[in-house]
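# Report on the structure
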Amino acid sequence: MALLEVKDLQVRVEDREILHGLSLTVNPGEVHAIMGPNGSGKSTLSHVIAGKPGYEVTGGQILFRGEDLLEMAPDERAAKGVFLAFQYPVEIPGVATMNFLRTALNAQRKARGESEYSTPDFLKKVREVSKSLNIPQDMLKRGVNVGFSGGEKKRNEILQMALFEPSLCILDEMDSGLDIDALRIAADGVNALRSPERAMVVITHYQRLLNYIVPDFVHVMAKGSVVKTGGKELALELEGSGYAQFEHAA
Amino acid sequence: MNLVLSKTDSGRAVSNVFVKANGRLPGAGSVADIRARAFEAYKRAGLPHRRIEEWKYTDLRVLMHHVLPLAPQPDAAALARARAAVAQAAVEKRAVEGAAKLVLVDGVFSPNLSDIAELGQSVNVRTLREVLDDPANEGRGDLLLTTTTDAVISLNAAMVTDGVVITVTDGTELCRPIQIVHVATTSSASSFTRSHLRLGKGVQAAVVESFVAVEGARNHQANDAVIVSVGEAANLDHLHVMVGGADATNISSGFFVLEASAKLKLFSMNCGGAVSRYQAFITLAGEGSELSANGINLVRDKQHGDTTLIVDHVVPHCTSRANFRAAVDDRGHSVFQGRIIVRPDAQKTDGRMMTRALLLSDEAEADNKPELDICADDVTCGHGAASGALDEALLFYLRARGLSEKEAQALLIQAFLGEAIEEIADRTLREFAILQAERWLGARG
Ligand SMILES: Nc1ncnc2c1ncn2[C@@H]1O[C@H](COP(=O)(O)OP(=O)(O)O)[C@@H](O)[C@H]1O
Ligand SMILES: [Mg+2]
């Protein structure tokens, strides 16, 4: 069964249609790249999959392992294995990162009927993952994303992804604001999570990221729908020709 | 028309209350004269209402209607219930752990429920009644005087039945907090208490005032005043906690005078009562004194919680910081009024006042009004106020990570309140405040 099926999705924000019948099927183990110019609706798609309020779905459906995702609250989706690494992770002053990680992990496990992590197991796991992502321990003591640089915020998203072990990872512009070294570390973190059971949807504006996270499929989005789908070579093609051709076509 | 009627009504009711109570009130001679004058002053003004600037948002004629009769002198049964309530509060962690308790039951000091002996030699505790009744103290009517003309304080001076008068000798470092516990055991009655706290030079102390009602005591009105002087280079952590019954009315006034280099950390915590007003008047009277005033106001149902803070900079080189936060649920109403006064001599004053309210329901209401009143030119002062709902973007981030709506809200409310609570220096007091806030959050429907 497909992991994620987006069928003819139509989405409005404040009476303006942003997605005009978008379809996408993602199977376990696959890595899909979604590329497209600014404003084409990439973040909107990721938000609707994660369940962000404020979007009106006026047509189509989203199935996750055959279940209607749109009927689920955002926390239910998270517990079922949907994870969105945000383009703009928010800062949450006063909520210590460590406390947040533990609360979130245990909330998900509880919702799945699993036992809570013991403190030593949890700490061990966080330590391992943060080390591999080059995240210093003192960062975890601060408020969630508070005072983090752009790159640190992105690494914190990947840390969560590694910790929660979701089956669908959506990465929204993970590369924005990262220099080449930071990009490599983050991409290594993502690649380490690739597995036959887990799928990734990598949203990016630039082809550069796809040198590090090599996709199985590339979709080009323009003006609210997928206008072209191909293999990884499509990304390279875009690098040369740009998005202009699709913007006219859409 | 209505207003006149209600004033006359409440005036008459109170006149009866005063006449009836008179035989029970301590102090003769000049003390009695001061009382009578205080009562006259109250009668002229009546309960404060919305056209009195200081009470604009807390109209006691609407919220309180009238002053209830004085609670009777507690009998053995009342004291037994109070003892049980104090013990229960300790079990339920609604009392500060390890504090030396001074207990007032229905406005009367109860030596048997108190831990005076544990305070040691350097702390002198007498009851206000004792001091006012002492023939040698004929002149101690000053204990009933304050600098304000506030009608509720006049009423307090007129009606006060008891309180504690605490003196801590120079250089003492108290190793445990002192907790003044007010217990209400009767329904539809009022109590009036006044306490004095004098900290000598270099004293280090932590003081808590708290209010509880025994099971079944309904509709109690408390009017309390605490007058504190913080000696030169002394350090006081002062916590005012209102966790009392859901139908209680609590009017508390605190007067603090800081001598040179004294430090006051004041925290007010309101998470109970139908109507509560905590008004603190702080005078930075000695150079280099520092105030850090913080508090949280947690209101729900139809509760009304008011914090009023007057910070008076009289001399140069003093610092004041205020950070107050309210969480308002259901149809609750929170009020914060504050003023930083900088007198002409108080150059180099550094004063700041922030207040924020979190509105947790569509019907929740918050009034925030910090003000500056500056008469010196070389000062740094600022104030700010904000109210609003929980940030949707933050809520969604947490929910996308698996937290339920309630869990996500609780985490954000806790973080919001935590920024005020973490200002409490004393660890025991801080943990106590955190626990009360968690409890309030846990009870959110
Ligand atoms: N909350 C919103 N209110 C109004 N318009 C929005 C909102 N979110 C997105 N849009 C609009 O939807 C379009 C797609 O935006 P977005 O999904 O962020 O694109 P992308 O991520 O591809 O850059 C843009 O035209 C944007 O202005
Ligand atoms: Mg985007």
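Everything here concerns the structure above.
To keep things clear, this report deals only with the structure shown in the data block. Everything quoted here is computed from the prediction, not taken from an experiment. The residue numbers shown here count from 1 along each chain, following its written sequence. Going through the entries in the order they are written, you letter the chains from A and number the ligands from 1. Selection of residues for local features in this predicted model requires a pLDDT of at least 70, selection of side-chain atom pairs for listing and counting requires 80 or more, and totals for whole chains, interfaces and linings are taken over all residues. The side-chain numbers reported here are obtained from all heavy atoms of the structure, hydrogens and water having been left aside.

### Comments concerning the overall build of chain A
Segments assigned H or I by DSSP are reported as helices when at least four residues long, segments assigned E as strands when at least two residues long, and all are numbered from the N terminus. Helix and strand content of chain A: ten helices and twelve strands. The C-alpha atoms of chain A give a radius of gyration of 18 Å, which matches the 18 Å a tight globule of 250 residues would have. Projected onto its principal axes, the C-alpha positions of chain A cover 55 × 40 × 35 Å. Residue burial is assigned from relative accessible area. The probe radius is 1.4 Å, only protein chains are included, and a residue is buried under 20% of its type maximum, exposed over 50%, and partly exposed in between. When burial is assessed residue by residue, chain A has 53% of its 250 residues classed as buried. It only takes one pair of heavy atoms within 4.5 Å for two residues to be counted as in contact. When contacts within chain A are restricted to residue pairs at least 6 apart in sequence, long-range pairs at least 24 apart make up 69% of them. Here the radius of gyration uses the C-alpha set of atoms, whereas the globule reference equals 2.2 Å times the residue count to the power 0.38.

### Some remarks on the pairing of strand E4 (residues 164–168) of chain B
All names here are of chain B. Counting buried residues along E4, four of its five residues qualify, which places the element largely inside the surrounding structure. Pairing of strand E3 (residues 123–127) with E4 involves five bridges; the strand directions are antiparallel. Note on E4: the bridge partner recorded for Arg126 is Val165. Following DSSP output, two strands are said to pair if at least two bridges run between them. Summarising the sheet, E4 and strand E6 (residues 190–199) pair through four bridges and their orientation is parallel. Counterpart to Thr167 in the pairing with E6 is Arg198.

### Some points on the packing of aromatic side chains
Residues and elements named next belong to chain B. Note on aromatic pairs: the rings of Phe, Tyr and Trp (six-membered ring only in Trp) are paired at centre separations within 6.5 Å, and the planes decide the class, stacked below 30 degrees, edge-to-face beyond 60, tilted for the rest. The tally for this structure, following the rule as stated, stands at seven aromatic pairs over all chains. Considering the side-chain rings of Phe39 and Tyr42, the 6.3 Å spacing of their centres and the 45° angle between planes classify their relative orientation as tilted. A residue pair is termed a helical-turn pair when its members lie 3 or 4 positions apart in one helix, as Phe39 and Tyr42 do in helix H2 (residues 29–45) at three residues. On the accessibility criterion, Phe39 (3% relative accessible area) is buried.

### Looking at the coordination of the magnesium ion (ligand 2)
Counted as donors are the N, O and S atoms within 2.8 Å of the metal, or 3.2 Å for Na, K and Ca, while water is not among the atoms, so some sites may look incomplete. Each protein donor to the magnesium ion (ligand 2) is listed here as A:Ser43 (OG) and A:Gln87 (OE1); together their distances run 2.1 to 2.3 Å. In this pair, A:Ser43 is assigned in helix H1 (residues 42–50) and A:Gln87 in the loop between strand E6 (82–85) and strand E7 (92–96), connecting sequence segments 44 residues apart.

### Notes on the pattern of salt bridges
Think of a salt bridge as a Lys or Arg side-chain nitrogen and an Asp or Glu carboxyl oxygen that are within 4 Å of each other. Summed over the entire model, instances satisfying the criterion amount to 35 salt bridges over all chains. Here A:Lys125 makes a salt bridge to A:Glu165, at a shortest N to O gap of 3.1 Å. Here A:Lys125, found in helix H4 (residues 119–132), pairs with A:Glu165, found in the loop between helix H6 (150–164) and strand E9 (168–172); they are 40 residues apart in sequence, far enough to count as distant. Notably, a salt bridge pairs B:Glu130 with B:Arg126, separated by 3.4 Å at the nearest N-O pair. What makes B:Glu130 partly exposed here is its relative accessible area of 37%.

### Observations regarding the sheet that holds strand E14 (residues 304–313) of chain B
Residues and elements named next belong to chain B. Spatially, nine strands are ordered E3-E4-E6-E8-E10-E12-E14-E16-E18 in an open sheet, and the strand pairing comes out mixed. Every other strand in the sheet has two partners, leaving E3 and strand E18 (365–374) as the edge strands with one partner each. Sheet twist, expressed as the average angle between the axes of neighbouring strands with direction ignored, equals 10°. Interaxial angles span 0 to 180 degrees and are taken between N-to-C directions of axes, which are lines fitted to C-alpha atoms, for helices over the stretch in contact. Packing against the sheet, helix H6 (residues 151–159) makes contact with E6, strand E8 (221–230), strand E10 (249–258) and strand E12 (275–284), and its axis sits at approximately 90° to E6.

### Comments concerning the site of ligand 1
Residues and elements named next belong to chain A. What makes a residue near a molecule or strand is one non-hydrogen atom of that residue sitting within 4 Å of it. In the region of ligand 1, the neighbouring residues are Val13, Glu14, Arg16, Ile18, Pro37, Asn38, Gly39, Ser40, Gly41, Lys42, Ser43 and Thr44. Separating an oxygen atom of ligand 1 from a backbone N or O atom of Gly41 is a distance of 3.0 Å. The definition of a polar contact used here is a pair of N or O atoms within 3.5 Å, where within protein one atom must be able to donate a hydrogen and the other to accept one, and adjacent residues in sequence count solely through side-chain atom pairs. Within the side chain of Thr44, one N or O atom sits 2.5 Å away from an oxygen atom of ligand 1. In this description, accessible areas are obtained by the Shrake-Rupley approach with a 1.4 Å probe, and a residue is regarded as covered only by the protein chains that are shown. Expressed as a share of its isolated accessible area of 560 Å², the protein-covered part of ligand 1 is 66%. Put simply, the parts of the chain that give the shell around ligand 1 at least two residues each are strand E2 (16–26) and H1. The element contributing the most residues to the shell around ligand 1 is H1, with three residues. Across the shell around ligand 1, the residue classes break down as three nonpolar, six polar and three charged. Residue type decides the class: Asp, Glu, Lys and Arg count as charged, Ala, Val, Leu, Ile, Met, Phe, Trp, Tyr, Cys and Pro as nonpolar, and the leftover types, Gly among them, as polar.

### Overview of the side chain of B:Arg401
Its location among the elements puts B:Arg401 in the loop between helix H7 (392–400) and helix H8 (405–421). Those residues within four positions of B:Arg401 in sequence are excluded, and the remaining contacts are A:Ala78, A:Phe83, A:Leu84, A:Ala85, A:Phe86, A:Phe100, A:Ala104, A:Gln108, A:Glu157, A:Gln160 and A:Phe164.

### Side note on the side chain of B:His196
Residues and elements named next belong to chain B. If you trace the backbone, His196 turns up in strand E6. Relative accessible area serves as the criterion here: at 12%, His196 is assigned to the buried category. When sequence neighbours within four positions are dropped, the list of residues in contact with His196 reads Leu128, Leu143, Val164, Val165, Ile166 and Ile227.

### What to know about H8(B)
How far a helix is expected to stretch is found by multiplying one less than its residue total by 1.5 Å. Here H8(B) is 17 residues long and its end C-alpha atoms lie 24 Å apart, about the 24 Å a rise of 1.5 Å per residue gives. Looking only at H8(B), the buried set comprises B:Ala408, B:Gln409, B:Leu411, B:Leu412, B:Ile413, B:Ala415, B:Phe416, B:Leu417, B:Ala420 and B:Ile421.

### Quick notes on the sheet that holds strand E3 (residues 31–35) of chain A
All names here are of chain A. Read across the open sheet, the six strands follow the order E6-E9-E10-E3-E11-E12; overall the sheet is mixed. For this open sheet the edge positions go to E6 and strand E12 (225–230), each flanked by a neighbour on one side alone. Strand-to-strand twist of the sheet, defined as the mean angle between neighbouring strand axes without regard to direction, takes the value 20°. The sheet contact formed by E3 and strand E10 (residues 199–204) spans five bridges and is parallel. Bridge pairing links His32 to Val201 in E10. H6 contacts E6, E9 and E10 of the sheet and is inclined by roughly 165° relative to E6.

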